[in-house]
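# Inside the fold
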Amino acid sequence: MKSPDGRPGLTVGVIAVGDEILEGRILDAHSRFVSEEIQRWGGHVRWHFSLGDSPGELAGALTLLQGQVDWILVTGGLGPTADDRTREEVASAFQLDLIENEAAWQEIQRRLRSRGFEPTENNRKQAFFPQGAKMLTNSHGSAPGFSVTGPDQTRVFALPGVPHEFRAMFEKHIVGELEAFEGLSPVQGEILDFVGVPESQLDEWVCARVPEGQLYQICVRGWGQIEVRLPAGVSLHDEAARAYGASLIGTGGLPVEEHLVQQALSAGLSVTTAESCTGGMISSRLVNVPGSSRIFPCSWVCYSNSSKTRELGVDPQLIEKHGAVSQSVVEQMALKALEKSSADLAISVSGVAGPGGGTEIKPVGTVWLALATGREIRSHCYQLHGDRERIRSLTTNLALLSLLAAVRNLEVPGWSANPS
């Protein structure tokens, strides 16, 4: 089938099933993952849909959408409960009977009993598949998936919605299908990650440098981070580094904490944190990255004034004189954390996250950050806007970006620098 730009290649649609997605109780991360993987292989995702669990919704969608793409990936609806209807809906759309697979039922019973659960009769429904379907084994859970080809030659792959099961089964089953798809091979152009650069400015800069007729993509990934995906064979990294300095944080489409860990490992530098208003969010982001234990020995969450004194040794007279949200206190937090941890770099934060606690002098959103390097102490006050969650998230991102700039031996724009 032809791609949107007229070229031959694999085309894919994604359907995420579940009332919890439509109601906003969970986010659909699977569609994004599928798009990234299919694009990496040179395929094209044509659309994403989210559907509820009500009878007939998925069957109706499949009836309308089959024939539009080569593959449809359906996520969710493979559990044992009454609202898990993906098997029945696919069978209905393709006018197929549901057939029990005895081997699947035996494996489901074995897995449940190995985890200390006795199978119930509703678990048995997970062993039924549309007639002619291929069972896709699930080594991380009790719900096997399946693939089946519809009347219009559209292949449907049904995978569980549980994130770790979905990703493991995608790697085990879908990647093999991608490898076997005729004319398809991994295609990955350079990906540049920026922070603090307006999207419109980046677009203008990239457009002037990409050969005419070649497509590129610019998208926002989280607060302040912009990802530029270039066509295969085009590299702008060195030119972007000269033009944007610390605002180019790396390549690969990675979040800032992954760039930080990777570059700290390469530089042989360790980091520590002393957090007040973020309550451990900076540390949590760091330890989510594999390998962080080699550069992150310890951290402190000192939310109260007394804990800043007790745990870090901040002078209580500084807090009394200047307040916890102040340059003096946040700088001493960073220096004490550096001293106690023996790390190479320390970041500290203290702020008014709201909704209460603000004053005319220090309104909600006032946040002080300090960075101690052993050679100097840098600090800066930000006036952030938004609700409590946004202010804490923004502070976390700013702290990670500041550490990354220090690891790269680049100045953090706008920060003061004082001898330590």
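For the structure, check the block above.
Residues numbered from 1 in each chain as written. Predicted model: local features only at pLDDT ≥ 70, side-chain atom pairs only at ≥ 80, totals over all residues. Heavy atoms only, no water.

## Examining the sheet that holds strand 11 (residues 225-229)
Note the following rule: Only strands joined by at least two bridges in the DSSP assignment are considered to pair. Numbering of helices and strands runs from the N terminus, with a helix taken as a DSSP run of H or I at least four residues long and a strand as a DSSP run of E at least two residues long. Axis geometry follows a simple rule: fit a line to the C-alpha atoms, using only the stretch in contact for helices, then measure angles between N-to-C directions, giving values from 0 to 180 degrees. Residue contacts are counted whenever heavy atoms from the two residues lie within 4.5 Å of one another.
As summarised here, the arrangement of the 4 strands in space is 10-11-9-12, forming an open sheet in which the pairing is antiparallel. Each edge of the open sheet carries a strand with a single partner, namely strand 10 (217-220) and strand 12 (248-251). Between one strand and the next, the sheet's axes are offset by a mean angle of 20°, whatever the strand orientation. Relative to strand 12, strand 9 (residues 191-195) runs antiparallel, the two sharing 3 bridges. Within strand 12, the residue paired with Asp193 across the bridge is Gly250. With respect to the sheet, helix 8 (residues 237-244) is in contact with strand 9 and strand 12, its orientation differing from that of strand 12 by roughly 165°.

## Remarks on unusual backbone geometry
Each neighbour pair has its own omega, and for Gly354 with Pro355 the value is 5°, a cis peptide bond. Mapping Pro355 onto the fold places it in the loop between strand 15 (345-351) and strand 16 (366-372). With a phi angle near 60°, Ser342 is a residue other than glycine that sits in the positive phi range. Summarising the element assignment, Ser342 is placed in the loop between helix 13 (327-341) and strand 15. Positive phi, normally seen in glycine, also occurs at Asn409, with a value near 60°.

## With respect to the environment of Ala343
Mapped onto the secondary structure, Ala343 falls in the loop between helix 13 and strand 15. Taking the C-alpha atoms as reference points, Ala343 and Cys298, separated by 45 residues in sequence, lie 8.9 Å from one another. Setting aside its immediate chain neighbours within four residues, Ala343 contacts Ser270, Val271, Thr272, Pro297 and Leu338.

## Considering the pattern of salt bridges
Heads up, the rule is: One speaks of a salt bridge when a side-chain nitrogen belonging to Lys or Arg is within 4 Å of a carboxyl oxygen belonging to Asp or Glu. Throughout, exposure labels follow a simple rule: accessible area from a 1.4 Å probe, protein chains only, divided by the maximum for the residue type, with under 20% read as buried, over 50% as exposed, and the rest as partly exposed.
The final tally for this structure, using the stated rule, is 14 salt bridges. Residues Arg40 and Glu37 are paired through a salt bridge, measuring 2.9 Å at the closest nitrogen-oxygen approach. Of the two residues, Arg40 and Glu37 are both situated in helix 2 (residues 30-40); the distance of 3 residues between them amounts to about one turn of the helix. In this structure Arg40 comes out as partly exposed when scored by relative accessible area, which is 32%. For Glu37, a relative accessible area of 13% corresponds to the buried category.

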